[in-house]
Amino acid sequence: MGKSQKKRQMRRHNPVRVPDSHLPKGLASASASSSKTEAILPIIQKMESVDPAERKWACVAVSNLIQNDPSTRRLLQGKNIVGQLITRLSDSEEEVVIEAAGSLRNLCIDGGFDICAEMFNKNILAPLKPFIPKISATLSQFLTSPKDSPENAQKLVYEFADNVITILWCLSETSNKALNAINEISLVPFLMSFLAARDKLPLSTVTSAAQCLYVLTDENPPIIDEVRSNAEYTACLLAIVRPEDAAPKANGKDKDTSDVRTIAFRVLTCGILRNISPIPPPSIAATVDLDRDVVLPTLEPVLSSTDLQELTQAAEQAIDQQESIPQLESLSLKHTPKSDHKTPSELELERLETRLRTVQLALEILTGMCATLPDPEIFSGAPGADSQDGNEDEDDEGMEDAGDIDMAVEDASGQEAPQPPAFFTTLVAPLLKFVHPTTLSFPPLGAPSPHPPTTSALSAIHISALECLNNIFLSMTTSTRGQPSSLGLDPANGRAVFDAVWGALRLVGTEISGAGQERRREVWDIGVGVLWGVGNLFKGALVPTEEQVQVLIQFCNAAQDPQVKVKTIGTLECLAQHPESVDANRIISAYFLSLLPPNANPPTHTEPLLQAVSALIDIYSDETLPYDVNFRQGRYLDTLVQSVEGVRKVVRSIDRKKERELRLRGEEVRDNLVAFIQYRRDLRL
């Protein structure tokens, strides 16, 4: 049972913002499913035109065509659009370069790892590197003497810098090879110059710089050390998240979304500070308790003020009202639209996506904080620690249990039970509302989402919330040694959380193997880990239902990842230990026995096998429990005896050098099995 550690691939801003996994593989299928196939050839031809206006038109057309359209994006990829746009970064005309960078940025954000990897492999860094000093020089001149700066300085600093920074941020999450190459560019002074001048620059550009720095400081020692050791940098970061610091000023059309973007900027800065902590003296940040005084006061309002159902309804209204983008045939070379052309409904959807991404980021930061058991003093001092979220009118289907998790439970006699610690009510109850899916959380079966960016953000929130819960319950189990009462937790707390998470998984559904449903599967994979964590903490208190047992067995059989099988077996083990649930115990134990050698067909993978053996030992270690009748009547002892030689062979096959911990675990389980068999024989029951 592992914690959700800070993995770069898990903390990406959007793994695939506009996925194409629901489409059949191959260019033929992309061509058949794209409504813009005929527009591709003119773009490819004009991309290499001698007329710079046509080259610019082609770059802008790429951005317009790929908007929320994975089929056309894949089709353009097949025509080497990435290579052609990279070539245009060295164009003799500056406007062509700017538009090419904008299209590459959009491809990076929408397409995820595969496109970013293609860009890196096609050496996009070669034309990008010279832009860094050029942008820096223009920025410096623009800030010191705006009147004397070049005519195009604003566009270069604002739009072009934003595009270049975003490409570098996406590339840095592609692979360690790409990250190491970007580390050598010396980006930290460049990025910090934008943060330092935040009051004089557009919020969107500054936020992109913060996002890039957040990613670069994620378990990346060279960059962490560079930022951490510079007192000026750390003081700047701290000033951004201090309440007394004036928020960056929005300009023009940014005013409508400035609050949303300002919050996103502050949350990103919290993430950077946590990434580089602990901060050494003489920085002023070294004197501050970051988690208690900075991070939580910033994150808590973001989470408590967010209602995913409301945001989903707002997104659905914007989708219904969405105006069509300019058709390609109506775009003349004289009136080429800006590459950031947005309709009012698109701007509203972007604003909503920014809110959702900010929530996702806040949850990711909390996941790192909860990798160890939270300090009760930190959470008891957080705003809202003594009160509930205020969302008491939640009436969503399947969330009745989650809505009731105020943790003020009563025992069977009607007496109020001891109250759980502050961090439990402050963290767990609010997190549960983020695991509950909405109508836009996942694509429909066999079809794309009506708005892929919103769907991508919502599903990422569910996953991040589950990862955070996973860490919390694993930390609780470790610290309490299986005695939740030592934290003031009542079994009713555990049942309420288990039921709430199970209710969310029910709504996610079990159709998780189809194309385009990868995020549903990921929610299940992590959700089962949360169920195991809760079950471990409240063993014997969770009453299994027939549906839970059957669905978990089916899920375990269908899972391809051995670690997911281990978590599912662990969850079933906890359910099997409810003393009065004799029938459920019989079904679960029979399933575990079917995984043992020599009868398992196909043979069970090593780690799930060890988990199943360990589970059977744990379940039937107390012969006085009511369900022990199943062990005796089912002659489980005979089956265990038959499995011993097969278990020994499996343990011997584990390479002691390559998988030392697993080998030690296997030897322990093997020895426990032999000792358990002898123990049950000695009972003579």
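**Examining the overall build of the protein**
Each helix and strand counted, the protein has 32 helices and zero strands in total. Taken over 685 residues, the protein has a buried fraction of 56%. Restricting to contacts in the protein with at least 6 residues of sequence separation, those with at least 24 account for 79%. Summed over its atoms, the accessible surface of the protein is roughly 29200 Å², and 49% of this surface lies on carbon and sulfur atoms.

**Examining the environment of Ser90**
Position of Ser90 among the secondary structure elements: in the loop between helix H5 (81-88) and helix H6 (94-111). On the basis of relative accessible area, Ser90 is assigned to the exposed category, the value being 56%. It is 9.2 Å that separates the C-alpha atoms of Ser90 and Leu128, two residues lying 38 residues apart in sequence.

**Overview of the packing of helix H12 (residues 188-196) against helix H15 (residues 231-241)**
Axis separation between H12 and H15 bottoms out at 10 Å; the angle between their running directions is 35 degrees. As for how H12 packs across H15, the hand of that crossing is left-handed. Within the contact between the two elements, H12 uses Val188, Pro189, Met192, Leu195 and Ala196 and H15 uses Tyr233, Cys236, Leu237 and Ile240. Residue composition of the contact of H12 with H15, by class: nine nonpolar, no polar and no charged.

**Looking at the packing of aromatic side chains**
Tallying each qualifying case throughout the model produces eleven aromatic pairs. When the ring of Trp502 is compared with that of Trp524, the centres are 5.9 Å apart and the planes differ by 85 degrees; the resulting orientation is edge-to-face. One end of the pair, Trp502, is in helix H24 (residues 491-508); the other, Trp524, is in helix H25 (residues 518-537), with 22 residues separating them in the sequence. Grouping residues by exposure puts Trp502 and Trp524 together as buried. Taking 5.7 Å as the distance between ring centres and 70 degrees as the angle between the ring planes, the aromatic pair formed by Tyr620 and Tyr636 counts as edge-to-face. Of the two residues, Tyr620 is situated in the loop between helix H29 (606-619) and helix H30 (628-633) and Tyr636 in helix H31 (residues 636-652); the sequence distance between them amounts to 16 residues. Note on Tyr636: relative accessible area 7%, which makes it buried. Taken together, the ring pairs in this structure connect Tyr620, Tyr627, Phe631, Tyr636 and Phe676 into an aromatic cluster. In this structure, Lys46 packs its charged tip against the face of Trp57, placed 5.1 Å from the ring centre.

**A short note on the nonpolar core**
Counting 201 residues, the largest nonpolar core has Ile81, Leu128, Leu168, Leu171, Phe194, Leu195 and Phe592 as the members making the most contacts within it. Among the elements that take part in this core, helix H10 (residues 153-172) stands out by supplying 13 residues, more than any other. Phe194 has contacts with Ile135, Leu139, Val157, Ala161, Ile165, Leu201, Thr205, Val206 and Ala209, leaving out every residue within four places of it along the chain.

**Topic: helix H7 (residues 113-121)**
Residues that lie three or four places apart on an α-helix share one face, since the helix turns once every 3.6 residues. Listed in full, the buried residues belonging to H7 are Ile115, Cys116, Glu118, Met119 and Phe120. Two residues or fewer past H7, Asn123 is found with a positive phi of approximately 65 degrees.

**With respect to the confidence of the model for the protein**
Here the protein shows a mean pLDDT of 83. Residues at 70 or above account for 80%. Contacts from residues 5-14, a stretch scored under 50 in pLDDT, to residues over four places away or in other chains number 42 contacts. Scored below 50 in pLDDT, residues 381-419 shows 61 contacts in the model against residues more than four places distant or in partner chains.

**Comments concerning the packing of H24 against helix H26 (residues 546-558)**
Here H24 crosses H26 at 60 degrees, and the two axes come no closer than 12 Å. With respect to each other, H24 and H26 are oriented oblique. Note on packing geometry: the crossing formed by H24 with H26 is left-handed. Taking contact as the criterion, the partners of Phe498, Asp499, Trp502 and Arg506 in H24 are, on H26, Glu547, Gln548, Val551 and Leu552. Residue composition of the contact of H24 with H26, grouped by class: four nonpolar, one polar and three charged.

**Quick look at the environment of Glu573**
Position of Glu573 among the secondary structure elements: in helix H27 (residues 562-576). In this structure, the C-alpha to C-alpha distance between Glu573 and Asn585, residues twelve residues apart in sequence, is 8.7 Å. Contacts of Glu573, omitting those with residues within four sequence positions, involve Lys539, Phe592, Gln611, Ala615, Asp618 and Ile619. Only 3.5 Å separates the side chain of Glu573 from the side chain of Lys539, close enough to count as a polar contact.

**Things to note about H15**
Within H15 the residues assigned to the buried category are Tyr233, Thr234, Cys236, Leu237, Leu238, Ile240 and Val241. The N-cap residue of H15 is Asn230: its side-chain oxygen and the backbone nitrogen of Glu232 are 2.9 Å apart.

**Points about unusual backbone geometry**
Cis geometry marks the peptide bond from Ser277 to Pro278, where omega comes out at 0 degrees. With respect to the secondary-structure elements, Pro278 resides in the loop between helix H16 (258-276) and helix H17 (290-304). Residue Pro282 is reached from Pro281 by a cis peptide bond, and omega for that bond is 10 degrees. Tracing the backbone shows Pro282 in the loop between H16 and H17.

Thresholds, definitions, all that
Residues numbered from 1 in each chain as written. Predicted model: local features only at pLDDT ≥ 70, side-chain atom pairs only at ≥ 80, totals over all residues. Heavy atoms only, no water. Helix = DSSP H or I, 4+ residues; strand = E, 2+ residues; numbered from the N terminus. Buried < 20%, exposed > 50% of the residue type's maximum accessible area, 1.4 Å probe, protein only. Contact = heavy atoms within 4.5 Å. Areas by Shrake-Rupley, 256 points an atom, 1.4 Å probe, with all protein chains shown as cover. Axes fitted to C-alpha atoms, helices over the stretch in contact; angles between N-to-C directions. Left-handed = near helix turned anticlockwise from the far one by under 90°. Nonpolar A, V, L, I, M, F, W, Y, C, P; charged D, E, K, R; others polar. Phe/Tyr/Trp six-rings, centres within 6.5 Å; stacked < 30°, edge-to-face > 60°. Lys NZ or Arg CZ within 6 Å of the ring centre and 35° of its normal. Core = buried A, V, L, I, M, F, W, Y, C linked by side-chain atoms within 4.5 Å. pLDDT = per-residue confidence, 0-100. Parallel < 35°, antiparallel > 145°, perpendicular 65-115°, else oblique. Polar contact = N/O pair within 3.5 Å; in protein donor to acceptor, adjacent residues only side chain to side chain.

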